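Summary of the model geometry
What follows is the residue order along each chain.
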Amino acid sequence: MRQVDHFIVGGSGGPSARHHDIFDPNQGEVQAQVPLGDAALLEKAVTAAKAAQPAWAATNPQKRARVMFEFKRLVEANMEELAALLSSEHGKVIADARGDVQRGLDVIEFACGIPHALKGEYTQGAGPGIDVYSMRQPLGIGAGITPFNFPAMIPMWMFGVSIVVGNAFILKPSERDPSVPVRLAELMLEAGAPEGILQVVHGDKEMVDAILDHEDIAAVSFVGSSDIAHYVYKRGVAAGKRVQAMGGAKNHGIVMPDADVDQVVNDLSGAAFGSAGERCMALPVVVPVGEDTANRLRDKMIPAIEKMRVGISTDLEADYGPVVTAEHKARVEGWIGTAEKEGGEIVVDGRGFSLQGHEKGFFVGPTLIDHVTTDMESYKEEIFGPVLQIVRAKDFEEAVSLPSKHQYGNGVAIFTRNGHAAREFAARVEVGMVGINVPIPVPVAYHSFGGWKRSAFGDTNQHGMEGIKFWTKVKTITQRWPDGSADEGNAFVIPTMG
């Protein structure tokens, strides 16, 4: 059986007593195994990172950027291999897998501009003969703990910025689909990064805790469920680390009466069901304003869902593929059952979906649930599957309040032709990322990604200039070069006090 090893300096770290099965979600069968590391294995990676990082930090930013340029070229040259590998372990269709890789490359492109982005501030003449300047310096060793749903994009969001500013980086990807992160680390080494600058360790909670507790790891970035994000944040901060921990989501799409309903239905088909709904920026809740809007939307949504094609990940005509594991399939179907018990109307039921020839695959059919209310647990919690819930709002004020009052605050969208309504909504809604006629408002790489409330713990977002701030520390220098003519009896005066 295929083995996916750790990628650390000195080899795989030796035999492991514990392993995790990697499934083929299309067939429902084990296709590979990955070893689960421990604190001793992490120590080997940290030792190698400590040895490599000082020289890498001393390398000028332009040379570090050239490594990123070459890494980008290599990833693009190997795009089809990476997409196929990603699909085989995750289950998302090839088109979505390519998008997963490309969205990560967008941040690598941003990282290629690091010589400009790292320039500090300078003030000449802040006081008599005094100049003040600042510089951004790397933290040392950073770590990333990433989820199964974007095994290429999210690692590149983290290590691309962290490495290019001069840090060494240790990545712990999901044990469900770890092959692409290892392949990316191989390509980074091929691109010219020194050994030890990007390493990959596999593991479960034992490895996570070892990362959070290790005194030589200065910062940790995490993406996953909110409960685990909160745990990671508290434990990491208690250990003196800088931590950004991105959690779950329950993104809403507000549909105003003047919206183009045909366009909304088209957007919802991708935003709610694409990648089997396994995205923290998916749009699983649609909020039509007014009964007429709700009925028109529902009437057009049903035939659109019925036309959707669920297929294996290599089916080029499939809209989406299987979910990642049998346990996750059961969890999603369990939430559909919960919504039904709570009084939701199951308009289109995806439970029990079976694909001919792939009956053991982890497939869930597209599901539409109407008359969902805010007191339902199925509304309060993240389902993370191909399930769209309709929550009807009587007016604009209620539509603003629904996402604002929800425990999650990752993303939200409004569909309207009214510029005033869109502007008012964007200003008032209590959510971190807003789309106006954009169903999945993930910012471009040179802006930053991050939600509010239980969708994010920590005060710094991912990638863009926020990412550079997270992975660096500021040093400010106040300098004076006396010319020897000053009266020796005059005391030095701090510039702001002169």
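The coordinates are above.
Figured I'd write up the structure that's included with this text. Since we're looking at a predicted model, the values are computed, not measured.

Attention shifts here to the side chain of R392. Inspection of the secondary structure assignment puts R392 in the loop between β15 (387–390) and α14 (396–405). At a separation of 3.1 Å, a polar atom in the side chain of R392 contacts the side chain of N295. Polar contacts involving the side chain of R392 include one to the side chain of D370, which spans 2.7 Å. If near-sequence neighbours (up to four positions away) are discounted, R392 is found in contact with P288, E291, A294, N295, R298, D370, H371 and E398.

Inspection of the secondary structure assignment puts I211 in helix α8 (residues 205–213). Once residues within four sequence positions are removed from consideration, I211 is found in contact with L42, A143, I145, K172, I217, V220 and K241.

Where strand β4 (residues 122–127) and strand β5 (residues 130–138) come together, three bridges link them in antiparallel fashion. Within β5, the residue paired with Y122 across the bridge is Y133. Counted along the chain from β4 to the antiparallel partner β5, the turn is two residues long, and its residue G129 has a positive phi close to 70°.

Orientation of α8 relative to helix α9 (residues 226–238), taken along the N-to-C sense of each, is 35°, at an axis distance of 8 Å. Two packed elements cross with a definite hand, and for α8 against α9 that hand is right-handed. Seen from α8, the contacting residues are K205, V208, D209, L212 and D213; seen from α9, they are Y231, V232, R235 and G236. Across the contact of α8 with α9, the residue classes tally to four nonpolar, one polar and four charged.

Our focus in this paragraph is the sheet that holds strand β2 (residues 19–24). Across the sheet, three strands lie side by side as β1-β3-β2; this open sheet has mixed pairing. Two strands lie at the open edges of the sheet, namely β1 (2–3) and β2, each paired on one side alone. Bridge count between β1 and strand β3 (residues 29–35): two bridges; the pairing is parallel. Within β3, the residue paired with R2 across the bridge is A32. Together, β1, β2 and β3 form the strand contacts of helix α3 (residues 79–90), whose direction differs from that of β2 by roughly 105°.

Before going further, it helps to examine the sheet that holds strand β17 (residues 411–415). Strand order in this open sheet of seven strands is β13-β14-β15-β12-β11-β17-β18, and the pairing throughout is mixed. The sheet is open, and its two borders are formed by β13 (345–348) and β18 (433–436), each paired with just one other strand. On average, adjacent strands in this sheet sit at an angle of 20° to one another, irrespective of strand direction. Where strand β12 (residues 285–288) lies against β15, two bridges are found, and the strand directions are parallel. Across the sheet, residue V285 finds its bridge partner in β15, namely Q389. Packing of helix α11 (residues 291–306) onto the sheet brings it into contact with β11 (252–255), β12, β13, β14 (367–370) and β15, and relative to β13 it is tilted by some 45°.

Rules behind the numbers
- All residue numbers refer to position in the chain's written sequence, counted from 1.
- A pLDDT threshold of at least 70 governs which residues receive local features in this predicted model, and a stricter bar of 80 or more applies before side-chain atom pairs are shown or counted, although totals over entire chains, interfaces and linings include all residues.
- As a rule here, side-chain values cover all heavy atoms of the structure and leave hydrogens and water aside.
- The helix count covers DSSP runs of H or I at least four residues long, the strand count covers runs of E at least two residues long, and both are numbered beginning at the N terminus.
- Whenever two N or O atoms come within 3.5 Å, that pair is a polar contact, provided that in protein one can donate a hydrogen and the other can accept it, and provided that, for residues adjacent in sequence, both atoms are side-chain atoms.
- We call two residues in contact whenever any of their non-hydrogen atoms come within 4.5 Å of each other.
- Pairing between two strands is assigned when DSSP locates at least 2 bridges connecting them.
- Axis geometry follows a simple rule: fit a line to the C-alpha atoms, using only the stretch in contact for helices, then measure angles between N-to-C directions, giving values from 0 to 180 degrees.
- What makes a crossing left-handed is the near helix being turned counterclockwise from the far one by less than a right angle; a clockwise turn instead makes it right-handed.
- Gly counts as polar in this scheme, as do all residues outside two lists: the nonpolar Ala, Val, Leu, Ile, Met, Phe, Trp, Tyr, Cys and Pro, and the charged Asp, Glu, Lys and Arg.

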